[in-house]
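# An overview of the molecular structure
Below, each chain spelled out in residue letters.
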Amino acid sequence: MKKKKRITERNITMFAFSVPATVLYILFFIYPVGAGIYYSLTDWNGLTNNYHFIGIKNYVSVLRSSRFQNAIRFNFKYTILLVVSIVGLSLIMALILNSKIKAKSFFRGVYFFPAVVSMLTVGLIFNEVFFQVLPPIGQLLHIEWMSRSLLSSSKTAIYAILITNVWQGIAIPTVLLMAGLQNVPQELVESASLDGARKWNIFKSITFPFLLPVLTVVTVLVIKDGLTIYDYIVALTNGGPGGATESTALLIYNHGFKEVNFSLGIAEAVIVTVIICFISFIQIAFSNKKSVY
Amino acid sequence: MSNKLKKMKKTALYLFLIIGVIIIAYPIYLTIITSMKTPQELSRSFFALPERLNFDNFIAILTDSDYPRTVLNTLTITVFASLGTIAVIPMVSYAIARSMREKRYYKYLYFFLLAGIFVPFTVKMLPLIKVMSVMNMLNIPGLVIVYISSAICEGVFLYVAFIQGIPIELEEAAYIDGATTRRTFVNIIFPLLSPMTATVLIKNGLWFWNDFLLPLLTLNKSPDYWTLTLFQYNFKMTHAINYPMIFAAFPLSMLPIMVFYVFMQKKIIGGLTNGAVKG
């Protein structure tokens, strides 16, 4: 009898524990996402009281619009550049910082610092760096592309954003990879080098497979950052010059809040989500196959 | 011979590391020297050191602007959102981790909550703001609640994995001693969760503190509500010509987090690593 009562007590408490999170999640996550998908099938502009159901018209016009295609193209190009630079650089940094060097914690502290500053502040500082610091250096050295601000040309603006992002963005991947390197069994590395294996081969066949899970996490994080980039662009170019750096996130923001085209903005957001889910899924499936765990 | 080569390699390595340090420090150094100049000094040279240690710009911002209030707002938001996160997420994670095997409800709830990890913020951004505006939540408490809700998915993912690693015998002992489930959770489980709690606090705390898009969408209408990033953003818009003044706002908006970083460096780095590597 008493036991039954206590099981009930446990069930009730456990259920009560799950209520707050579930309610918040439904109200401020599931409901907006669901409502968003519903509105994307209407012609609601976000302000008026009446709207009509128009089916997938928004999706069709989004996929046809050259502005959306440009934004997607920008995001893809940017993400590829970002993944290559950040994963490459942070791997090098992690390997160096993990080797036997002096003042390790000093270097680690300095290299990690950019991660705690807000992206907006970093973006605004680099905005000034691109306007004030690089052009005089470029003029001095007679380098054509450097003597004007990188941000003022539609060809170079994406690299200016990239440089800013890399400056701040390698911090967390570097620390994650450093921690991942702790998982590499040192006995294996040592016996391989005693057997005369070359450093590159040790890296390729021992370090890399053990590092792969962390490398996957890092890559997924960087891909997500690249595909949803917003703060740096607002701080550096606001989508310019001439729309060359309008990312999908900025486009969604512009459509939803500035150009009174709410339902179109959501249709864009849904398409972007599908793309992101698809890419993360492939990425995770792919690395699960290769991982040693 | 080989010794010499080794030494050269070592030197190259340190050189590389030091160049990296310069690349990281230089923009911050420039920011600080620029903020100590007068506009006249600046027009002469961008790179020269200021003629004297001139803190006028800093003092001007500290005393005659929205700075103190925005720091307070940011602090309030970060503290309450972090506390809320720590109140809500461990509870639900405990219920899920311990009941998932027996009850289907918790298993489904787990996958239901996890699904949110893959949805980027932009997809719910527009309707979320509509919901908040209907519920009269475009203010600081509203933003805090939305932050807590947005932290749930990842938090549950991290905590459930962690709780599953805690042996259940402790709870069984408490159960035999007659402790209620609530007391077992508060007195036994919650303290054991502290490594993961540190991770979740640091990850989310940095996000709440540095976030720009959500405050821009919810709090930008009045300076009374501004956070530090909004202050920084609007300050730049209104002081378009006075460069030293703009630059003085940069260190000031970084100052609180810099101080925090200097004292908590190990904890911050450790916390951020925990979630991704061991989780």
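Residues numbered from 1 in each chain as written. Chains lettered and ligands numbered in written order. Predicted model: local features only at pLDDT ≥ 70, side-chain atom pairs only at ≥ 80, totals over all residues.

## Quick notes on the overall build of chain A
Each helix and strand counted, chain A has 12 helices and 0 strands in total. Overall, chain A shows an N-to-C arrangement of helices and strands of α-α-α-α-α-α-α-α-α-α-α-α. Here the C-alpha radius of gyration of chain A, 24 Å, is well above what a compact globule of 293 residues would show, namely 19 Å. Taken over the C-alpha atoms alone, chain A extends approximately 85 × 75 × 30 Å along its principal axes. A buried classification covers 41% of the 293 residues belonging to chain A. Across chain A, contacts joining residues at least 24 apart in sequence account for 71% of those joining residues at least 6 apart. (Helix = DSSP H or I, 4+ residues; strand = E, 2+ residues; numbered from the N terminus. Rg over C-alpha atoms; globule rule 2.2 N^0.38 Å. Buried ≥ 20, exposed ≤ 12 C-beta atoms within 10 Å, placed from the backbone. Contact = placed C-beta atoms within 7 Å.)

## Overview of the overall build of chain B
A tally of helices and strands in chain B yields 13 helices and 0 strands. Secondary structure elements of chain B, listed N to C terminal, follow the sequence α-α-α-α-α-α-α-α-α-α-α-α-α. For chain B, whose C-alpha radius of gyration is 24 Å, the value lies well above the compact-globule estimate of 19 Å for 279 residues. Reported as C-alpha extents along the three principal axes, the dimensions of chain B are approximately 75 × 70 × 35 Å. For chain B, with 279 residues in total, the buried portion stands at 39%. Considering only contacts within chain B whose residues lie at least 6 apart along the sequence, 74% involve residues at least 24 apart.

## What about the interface of chain A and chain B?
In this complex, chain A contributes 64 residues to the contact, which on the side of chain B involves 59 residues. Contributions of two or more residues to the side of chain A that touches chain B are made by α1 (2–39), α4 (104–112), α5 (119–141), α7 (171–181), α9 (199–227), α11 (248–258) and α12 (262–290) of chain A. Counting residues per element, the side of chain A that touches chain B draws most heavily on α1(A), which supplies 19 residues. Classifying every residue of the side of chain A that touches chain B gives 46 nonpolar, 14 polar and 4 charged. (Nonpolar A, V, L, I, M, F, W, Y, C, P; charged D, E, K, R; others polar.)

## Digging into helix α10 (residues 194–210) of chain B
With 17 residues, α10(B) should cover 24 Å at 1.5 Å per step; its first-to-last C-alpha distance of 24 Å lies within 8% of that length. When we look at burial in α10(B), the residues that qualify are Met196(B), Thr197(B), Thr199(B), Val200(B), Ile202(B), Lys203(B), Asn204(B), Leu206(B), Phe208(B), Trp209(B) and Asn210(B). (Expected span 1.5 Å × (residues − 1).)

## What to know about the nonpolar core
Core analysis: the largest hydrophobic core is formed by 148 residues, its most contacted members being Val175(A), Ile89(B), Val92(B), Ile96(B), Ile152(B), Val156(B) and Tyr159(B). With 14 residues, helix α7 (residues 140–164) of chain B is the single largest residue contributor to this core. Ignoring sequence-local partners within four residues, the contact set of Val92(B) consists of Phe17(A), Ser18(A), Ala21(A) and Val156(B). (Core = buried A, V, L, I, M, F, W, Y, C linked by C-beta atoms within 7 Å.)

## Some remarks on the packing of helix α3 (residues 66–98) of chain A against α7(A)
All names here are of chain A. Packing of α3 against α7 leaves a shortest axis separation of 8 Å and a crossing angle of 50°. With respect to each other, α3 and α7 are oriented oblique. Note that α3 runs across α7; the crossing there is right-handed. Residues Ile86, Val87, Ser90, Leu91, Met93, Ala94, Leu97 and Asn98 of α3 form the contact with α7, whose participating residues are Pro173, Thr174, Leu177, Met178 and Leu181. (Axes fitted to C-alpha atoms, helices over the stretch in contact; angles between N-to-C directions. Parallel < 35°, antiparallel > 145°, perpendicular 65-115°, else oblique. Left-handed = near helix turned anticlockwise from the far one by under 90°.)

## So, unusual backbone geometry
All names here are of chain A. A positive phi angle, close to 55°, is found at alanine 103, a residue other than glycine. Here alanine 103 shows up in the loop between α3 and α4. Using a count of 11 C-beta atoms within 10 Å as the deciding quantity, one classes alanine 103 as exposed.

## Side note on the environment of Arg101(B)
All names here are of chain B. Structurally, arginine 101 can be placed in the loop between α4 (67–99) and α5 (104–114). Note on arginine 101: 8 C-beta atoms within 10 Å, which makes it exposed. With 81 residues separating them along the chain, arginine 101 and arginine 182 place their C-alpha atoms 20 Å apart.

## Points about the confidence of the model for chain B
Taken residue by residue, chain B gives an average pLDDT of 84. The fraction at 70 or more is 96%. Put simply, helix α2 (residues 39–44) of chain B is where chain B has its lowest mean pLDDT, 76, and α4(B) is where it has its highest, 92. (pLDDT = per-residue confidence, 0-100.)

## Details of the environment of Leu24(A)
Considering the arrangement of structural elements, one finds Leu24(A) in helix α1. Look at Leu24(A) and you get buried, because 20 C-beta atoms sit within 10 Å. Setting aside residues up to four positions removed in sequence, Leu24(A) forms contacts with Val88(B), Ile148(B), Ser149(B) and Ile152(B).

## Some details on the environment of Phe157(B)
All names here are of chain B. Take phenylalanine 157: it is sitting in helix α7. Assessed through the 19 C-beta atoms surrounding it within 10 Å, phenylalanine 157 is described here as partly exposed. Expressed as a C-alpha distance, the spacing of phenylalanine 157 and phenylalanine 247, which sit 90 residues apart in the sequence, is 40 Å. Sequence-distant contacts of phenylalanine 157, defined by excluding residues within four places in its chain, comprise Leu114 and Ile117.

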